[in-house]
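So the chains spell out like this:
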Amino acid sequence: MLSVELHAHSSLSYDGRDSVELLLEQAAAIGLDALAVTDHDEIEASRRAAELAPEYGLIGIPAMEISSAAGHVLGFGITERVPAGLSYHETLNRVRSQGGIAVVPHPFQSARHGVAAEITTAQLTAADAIEVYNSRLLTGRANRKAEKFAHTHNIAMTAGSDAHISEMVGQAITEVSTETQSVDGILNAIVAGKTSVIGTKTPWRVSFKQFSGGVKRRIMRTLSELVWSMVSDPSIDESDQSSTDNDPTLRGASAETVRDAIHNDIALAGTGGFAGCIDGMLVRDVLGRQPIFLETATQLTRDMLPDWAFNPLSLEAPAALPAGAVYNPSQRVISDDEITHAGDSHTNVDTDAESDDWNWGERRDISEFRFGSLDIDRYWSLPDPPATADNVARKRVQKAVITQTQQRTRDDSKTSTAVAFSGGIDSAIIAAGRPHSPCYVAGFDGCHDITAAQEALSAMDRSADLRVVEISHADIIEVIPRLVSTIGRTNPMDLAITIPLFLVARRVAADGFDQLALGQGADELFGGYAKVQKAPTDPRVNATTVRGARRELLETVPRQAERDILALRAGGVDPVTPFLHDDIVDPALTLPESLLVRGDQRKVALRMAADGIVPESVRTASKKAVQYGTYVSRELDRLARQDGFKRRMDNHVQKYIHALIEWWYLPYRRLSYHCPDPAGFNVIWFWFWFWGTNAPISLIHTS
């Protein structure tokens, strides 16, 4: 029988205090046999503890406490970091893919990110074990409820001290019955249910010591972050890997594919986009479909790969690597002149697909950004082939669309994927290729998108597959601080686009899906914008031809992809965008003008390709851009005016957003550090704690 501490935090956790050496000393001093250091969303200290453990006569179990979209999950026996923000199901899969086991801590303590309130009973029982005794308790009711649940559903049980300072190690112990004194022996015994739990309530003096130290650390962190450029949300952590881990990582493509693309200068290498580190170089595909960021807070030097991450929030001063870039620090160094830092002005991207009006006044350089950008030369450029004959181009596009949206999705039908559905042709084609996936639409009651989605799915005989995410004013106010911190932008258009995306993603993740399939890219690729249709007379484009205007819009894809992907991952899902796959992009680039726009019809080639895939009424229907079709732009404007930001004021909506963030952001950041998805009440409560005064009533909307 081995005595094991399965829940302890080192100073690497945002709320931990002591080094792994002190934790190991305490574990050895009280006669434990094994220790797992379980830092929040970090694993470096745990790996070090596992290496040092034999010096203390202990078995070291590498582990971490992962902030899934549903709440906390303990991963034991893993050596690579599992990113935060993934769905509960995907988090378990990531742990098990490393040969580890997944244990749910304090499942019924919602205030401490227990998962039970966010998942089904079946999902909770899918864990390898649950923690039935956590020593950080008040009444013990949640522990008793967890133990009863475990007995009822025959789930293995563990205990944990949840130690945040060394004195707390050993307050709750898991006794493991195994003859094999090893990590594998312990974990196998836990899964087999060969455990018993021993625990005592953490003494009040120790709890107070930990609490006071945590408050002090929070205050120090807050004081160090009181600048606008800090706008970020550490609870949203999707960076699988940064360069500081010395483990180069690629997303979206194999190393062989990327090497071939570099060596042979292949811009469209048959992928859905890629980014990451390979052979000492940082890369991002030609359309920027996978964002990647560099650290610019420190001086970049030759032969030294800078810190980087897929999630900008893990960097102090992130700057996006441009689409099509291959950065090799052994060949050149990025100078300060090539870095546009956070807070510098950028021009808004006008994404008014199939809509001609921007209701928030004159577009101007009014955005403030958390993330910077790099002005360096591209390695790859988007091909610009000549137009081919109508019949040839149409057949190539039709074959690619069917392959990517219908055949391949059905081959991958076991993937846990939902569909973002607005009733337009783009999402209808995606939905047709996933006949067993639910379709989600967001919007205010009575909005265009909800009505269009209902009508389209009715025509497709799939009305039962629709799930509506109704948006309220309270939703907008709740998510704006988080989205500003996530996407690094405050302009109304970007927020009006990402608010419904984020809310759908959050609902999809809560329903147990890992991916969300979207029609992103179809408007840019197939001529879905009014300004493309009106080229060259539309002043919003510089091109003198329809194909030239289409290419201008394709140049906006990297910034849109960066914005949308960050918002969707913050919601807990990974995006799937078939229309932006190279196999569709390549033939679409050869489309003549007559297959882009024809009279009043846009996206001609795509509508032809959809013949036989979706009903005629859906194939020919027009749509509104998401910010208008959901009524989010209208209601954001309404909120601004209700708060005294009248339309006669320049940029009145953005001024309202800035005012909202000014009052809410700092306490929101501290709360979101602990709570990935705070409810409005929690934000208000934390506001009182943080500032010691009342939040302005005009910023608390509930309808």
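Residues numbered from 1 in each chain as written. Predicted model: local features only at pLDDT ≥ 70, side-chain atom pairs only at ≥ 80, totals over all residues. Heavy atoms only, no water.

## Re the overall build of the protein chain
On a plain count of helices and strands, the protein chain comes out with 24 helices and 25 strands. Sorting the 703 residues of the protein chain into buried and exposed places 60% on the buried side. Nonlocal contacts in the protein chain, meaning residues at least 24 apart in sequence, comprise 73% of its contacts between residues at least 6 apart. With the model as given, the accessible surface of the protein chain reaches about 27,100 Å², and the carbon-plus-sulfur share is 49%. (Helix = DSSP H or I, 4+ residues; strand = E, 2+ residues; numbered from the N terminus. Buried < 20%, exposed > 50% of the residue type's maximum accessible area, 1.4 Å probe, protein only. Contact = heavy atoms within 4.5 Å. Areas by Shrake-Rupley, 256 points an atom, 1.4 Å probe, with all protein chains shown as cover.)

## As for the packing of helix 13 (residues 492-510) against helix 17 (residues 557-571)
Packing of helix 13 against helix 17 brings their axes to within 7 Å, and their N-to-C directions diverge by 35°. Note on packing geometry: the crossing formed by helix 13 with helix 17 is right-handed. Only Arg563, Asp564, Ala567, Leu568, Ala570 and Gly571 of helix 17 make contact with helix 13, whose side of the interface consists of Asp494, Ile497, Thr498, Leu501, Phe502, Ala505, Arg506 and Ala509. Looking at the contact of helix 13 with helix 17 residue by residue, the class counts come to eight nonpolar, two polar and four charged. (Axes fitted to C-alpha atoms, helices over the stretch in contact; angles between N-to-C directions. Left-handed = near helix turned anticlockwise from the far one by under 90°. Nonpolar A, V, L, I, M, F, W, Y, C, P; charged D, E, K, R; others polar.)

## With respect to the pattern of salt bridges
Tallied over the entire structure, the rule returns 33 salt bridges. Here Asp511 makes a salt bridge to Arg507, at a shortest N to O gap of 3.1 Å. For Asp511, a relative accessible area of 32% translates into the label partly exposed. Each of Arg489, Asp494, Glu562, Arg563 and Asp564 takes part in a single network of salt bridges with overlapping partners. (Salt bridge = Lys/Arg side-chain N within 4 Å of Asp/Glu carboxyl O.)

## Notes on the nonpolar core
One finds Val401, Phe421, Phe526, Phe579 and Leu591 to be the most contacted residues of the largest nonpolar core, which totals 68 residues. Of all hydrophobic cores here, the second largest spans 51 residues; its members include Leu313, Leu315, Ala496 and Leu568. (Core = buried A, V, L, I, M, F, W, Y, C linked by side-chain atoms within 4.5 Å.)

## A short note on the sheet that holds strand 21 (residues 466-470)
Either a parallel or an antiparallel arrangement is found when strands of a sheet pair, and the pairing is made through backbone hydrogen bonds. Strand order in the open sheet formed by five strands is 21-20-19-22-23, with parallel pairing between adjacent strands. Edge positions in the open sheet fall to strand 21 and strand 23 (574-576), since each of these has one partner strand only. Pairwise comparison of adjacent strand axes, ignoring direction, gives a mean angle of 35° for this sheet. As defined by bridge partners, strand 20 (residues 439-443) adjoins strand 21 across five bridges and the pair is classed as parallel. Residue pairing across strands places Cys439 opposite Leu466, the latter belonging to strand 21. Contacts between helix 11 (residues 448-459) and the sheet are confined to strand 20 and strand 21, with strand 20 contributing the most and set at about 155° to the helix. (Pairing = 2+ DSSP bridges.)

## Things to note about unusual backbone geometry
Residue Pro536 is bonded to the preceding Ala535 through a cis peptide linkage, with omega at 5°. Note on placement: Pro536 falls in the loop between helix 15 (530-533) and helix 16 (546-554). With a phi angle near 30°, His106 is a residue other than glycine that sits in the positive phi range. Structurally, the position occupied by His106 is in the loop between strand 5 (101-104) and helix 4 (121-125). Its identity as a non-glycine residue notwithstanding, Asp461 has a phi of 55°, on the positive side. With respect to the secondary-structure elements, Asp461 resides in the loop between helix 11 and strand 21.

## Topic: the side chain of Asp494
By the secondary structure assignment, Asp494 is in helix 13. Within the local environment of Asp494, its side chain forms a polar contact with the side chain of Arg489, the two groups lying 3.5 Å apart. Ignoring sequence-local partners within four residues, the contact set of Asp494 consists of Ile487, Arg489 and Arg563. (Polar contact = N/O pair within 3.5 Å; in protein donor to acceptor, adjacent residues only side chain to side chain.)

## Looking at the packing of aromatic side chains
Under the counting rule described, the total for this entry stands at seven aromatic pairs. Plain terms: the ring middles of Phe274 and Trp380 are 5.7 Å apart, the flat faces sit at 90° to each other, and that makes the pair edge-to-face. One end of the pair, Phe274, is in the loop between helix 8 (255-263) and strand 11 (275-278); the other, Trp380, is in the loop between strand 18 (372-374) and helix 9 (390-411), and 106 residues separate them in sequence. Each member of the pair, Phe274 together with Trp380, is buried. A centroid spacing of 6.0 Å and a plane angle of 65° characterise the contact between Phe645 and Tyr656, whose relative ring orientation is edge-to-face. (Phe/Tyr/Trp six-rings, centres within 6.5 Å; stacked < 30°, edge-to-face > 60°.)

## Digging into the confidence of the model for the protein chain
Across the protein chain, the average pLDDT comes to 83, with 82% of residues at 70 or higher. Contacts from residues 213-248, a stretch scored under 50 in pLDDT, to residues over four places away or in other chains number 93 contacts. For residues 664-703, every residue scores under 50 in pLDDT, and the model assigns this stretch 90 contacts once sequence neighbours within four places are set aside. (pLDDT = per-residue confidence, 0-100.)

## Description of the pairing of strand 5
Here strand 5 shows no split at all, with Ile101 and Val103 on one side and Ala102 and Val104 on the other all buried. Pairing of strand 4 (residues 72-76) with strand 5 involves three bridges; the strand directions are antiparallel. Its bridge partner lying in strand 5, Phe76 is registered against Ile101.

## Here we look at the environment of Ala172
Structurally, Ala172 is set in strand 8 (residues 172-176). Not counting the four nearest positions on each side in its chain, Ala172 is found in contact with Glu5, Tyr133, Ser135, Ala159, Gly160, Ser161, Ile198 and Gly199.

## What about the pairing of strand 11?
Residue alternation in strand 11 divides its side chains into two sets, Ala275 and Cys277 and Gly276 and Ile278, and both sets are buried. Judged from the two bridges that link them, strand 10 (residues 250-251) and strand 11 form a sheet pairing that is antiparallel. Bridging across to strand 11, Arg251 finds its partner in Ala275. Strand direction decides the pairing type here: strand 11 and strand 12 (residues 281-284), joined by four bridges, are antiparallel. From the neighbouring strand, Ala275 faces strand 12, where its bridge partner is Arg284.

## Brief notes about the packing of helix 13 against helix 22 (residues 632-642)
Look at helix 13 against helix 22: their axes get within 9 Å of each other, and the N-to-C directions meet at 120°. One element, helix 13, and the other, helix 22, form an angle in the oblique class. Like other packed secondary-structure pairs, helix 13 and helix 22 cross with a definite hand, here right-handed. Residues Pro492, Ala496, Ile499 and Pro500 of helix 13 touch helix 22, and the partners they reach there are Val632, Ser633 and Leu636. The residue inventory of the contact of helix 13 with helix 22, partitioned by class, reads six nonpolar, one polar and no charged. (Parallel < 35°, antiparallel > 145°, perpendicular 65-115°, else oblique.)

## Quick look at the sheet that holds strand 12
Overall, antiparallel pairing links the four strands, which are arranged 10-11-12-16 in an open sheet. Of all strands in the sheet, those with a lone pairing partner are strand 10 and strand 16 (326-327), marking the two edges. Lying over the sheet, helix 8 contacts strand 10, strand 11, strand 12 and strand 16, oriented at roughly 85° with respect to strand 11.

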